[in-house]
Amino acid sequence: MITIKDVFEDYRQQINGVYDINETEAITLLVIAEVTGMSRASVKAFPERALTTDHSDRLKSILAELKTGKPIQYILGTTEFYGLPFKVNPYVLIPRPETEELVEWVISGERLKAKGERFSLLDIGTGSGCIAISLKKNLADAEVSAMDISEGALQTAKENALLNEVEVNFIEADILNMEPSNGSTKYDIIVSNPPYVTLNDKKQMHSNVTDFEPHTALFVPEYDPLIFYRAIADYALNNLIANGLLYFEINENLGKETVELLYDKGFKNIELRKDMSGRDRMVKAQR
């Protein structure tokens, strides 16, 4: 029988070349807790505890997949975002902590307003639905819609809405090829974490992202890295209410350029915000 300590040592030796030592430790802790049903505190507290044959076999199977570079979230099929559970698969990006900061920015702004007033919100490029669902879960007065080009992503997002017991209106559409709008649908808020990774950025990224996560949700042409921001800004001009708000997660290297784009299109009160790591990662603008 192998022990928890043995698993940590085995994982450390086998995937040390894929992840650094701290990531390896965190992943191993997550996997053992997930497979055994133990709390992470218990896993740490009882390293000599023996594991069952079933648990051992499952841990070896997961290790084999981890060695290929496949993200642990895809292997387990679930992750956590803003304190909520989400199903994930290769149709959708794995939600990032930086995006939680974007969600918190929207929520904190709306909590300052009067309660009980209905308002509408659209998430463009919803993927797993993590932004739209987290906002709906925390802003009961919001009527939330979410758009994506991918049928597979939308199906995953619908499952996540059911999982988290929220109602979201899902729309299958391509923001780069939208029919001209008559502006009949008006939103108070539009939020988006669109593709923004350039081919140059790709060189700096880990292979467990570039080899496994959906490229259509990640990459943009080197010659036009703001293509989605331009399209969404144009859509927002026609589909936001007067003084409505537009929130973006952005490429940390293109903060100035994103602000200039919004300014040139006539948005006002533009605010560029840094994430917890001190990088330019979010923008808010008013129509």
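Residues numbered from 1 in each chain as written. Predicted model: local features only at pLDDT ≥ 70, side-chain atom pairs only at ≥ 80, totals over all residues. Heavy atoms only, no water.

A.B. asks: Explain the packing of aromatic side chains here, please?
C.D. replies: All chains considered together, the criterion is met by three aromatic pairs. Note on Tyr 229 and Phe 248: the rings are 4.7 Å apart at their centroids and 70° apart in plane angle, and the pair reads as edge-to-face. You can see Tyr 229 sitting in helix α11 (residues 227-239) and its partner Phe 248 sitting in strand β7 (residues 240-249), a full 19 residues away along the chain. Residues Tyr 229 and Phe 248 agree in their burial class; the two are buried. If you follow Arg 49 out to its NZ or CZ, it ends over the ring of Phe 46, 4.9 Å from the centre. (Phe/Tyr/Trp six-rings, centres within 6.5 Å; stacked < 30°, edge-to-face > 60°. Helix = DSSP H or I, 4+ residues; strand = E, 2+ residues; numbered from the N terminus. Buried < 20%, exposed > 50% of the residue type's maximum accessible area, 1.4 Å probe, protein only. Lys NZ or Arg CZ within 6 Å of the ring centre and 35° of its normal.)

A.B. asks: What's the story with the pairing of strand β8 (residues 268-274) in this structure? I'm lost.
C.D. replies: On any regular strand, side chains alternate: one points to one face of the sheet, the next to the other face. With five bridges joining them, β8 and strand β9 (residues 280-286) adopt antiparallel strand pairing. Looking at β9, one finds that Leu 272 is bridged to Val 283. With antiparallel pairing between neighbouring strands as the criterion, β8 and β9 make up a hairpin whose turn holds five residues, including Gly 278 at a positive phi of roughly 80°. (Pairing = 2+ DSSP bridges.)

A.B. asks: I keep staring at the side chain of Asp 275 and nothing clicks. Help me out?
C.D. replies: Secondary-structure assignment places Asp 275 in the loop between β8 and β9. A polar contact is formed between the side chain of Asp 275 and the backbone nitrogen of Ser 277, at a distance of 2.8 Å. For Asp 275, the contacting residues outside a window of four places in its chain are Glu 98, Glu 101, Arg 281 and Met 282. (Polar contact = N/O pair within 3.5 Å; in protein donor to acceptor, adjacent residues only side chain to side chain. Contact = heavy atoms within 4.5 Å.)

A.B. asks: Looking at this model, I keep getting lost on the UniProt feature "binding site: S-adenosyl-L-methionine" (unreviewed entry) in the chain. Mind explaining?
C.D. replies: Within this structure's numbering, the places UniProt gives as "binding site: S-adenosyl-L-methionine" (unreviewed entry) are Gly 125, Thr 126, Gly 127, Ser 128, Gly 129, Asp 148 and Asn 193. Maximum C-alpha separation among the annotated residues is 11.7 Å over a sequence range of 69 residues, consistent with a single clustered spot. By secondary structure assignment, the location of Gly 125 is in the loop between β3 (119-124) and α7 (130-138). Sequence-distant contacts of Gly 125, defined by excluding residues within four places in its chain, comprise Met 147, Asp 148 and Asn 193. With respect to the element layout, Thr 126 can be found in the loop between β3 and α7. Those residues in contact with Thr 126, other than ones at most four positions away along the chain, are Ala 132, Ala 146, Met 147, Asp 148, Leu 154 and Ala 157. (UniProt positions renumbered as here; feature names shortened; annotations may be inferred.)

A.B. asks: Sorry, what's going on with helix α4 (residues 53-66) here?
C.D. replies: Because the α-helix completes a turn every 3.6 residues, residues three or four places apart line up on one side. Taking 1.5 Å per residue as the helical rise, α4 with its 14 residues ought to reach 20 Å, and the 20 Å between its terminal C-alpha atoms agrees with that figure. Taken together, the buried positions of α4 are occupied by Ser 56, Leu 59, Ile 62, Leu 63 and Leu 66. Buried residues in α4, looked at end-on, bunch into an arc of 130°, giving them a common side. Of the exposed residues in α4, those oriented more than 90 degrees away from the buried face are Thr 53 and Asp 54. Where the residues of α4 are buried, they touch α1 (4-14), α2 (21-36) and α5 (72-76). (Expected span 1.5 Å × (residues − 1). Arc of directions from axis to C-beta.)

A.B. asks: Help me understand the nonpolar core in this model?
C.D. replies: Within soluble globular proteins, side chains that are nonpolar tend to cluster in buried spots. Core analysis: the biggest nonpolar cluster contains 30 residues, and Leu 121, Leu 135, Val 168, Val 191 and Tyr 247 have the highest contact counts within it. Counting only elements with at least two residues in this core, the list comes to β2 (84-87), α6 (97-111), β3, α7, β4 (142-148), α8 (151-163), β6 (187-192) and β7. One finds Met 147, Ile 175, Val 283 and Ala 285 within the second-largest nonpolar core, a separate group that totals 27 residues. (Core = buried A, V, L, I, M, F, W, Y, C linked by side-chain atoms within 4.5 Å.)

A.B. asks: Can you walk me through the pairing of β2 in this structure?
C.D. replies: Alternating positions in β2 separate cleanly, Leu 84 and Phe 86 being buried on one face and Pro 85 and Lys 87 remaining unburied on the opposite face. One ladder, built from four bridges, connects strand β1 (residues 78-81) with β2; its direction is antiparallel. Following the sheet pairing, Phe 81 is matched in β2 by Leu 84. Once β1 ends, the chain turns through two residues before running back antiparallel as β2, passing Tyr 82 with a positive phi of about 50°.

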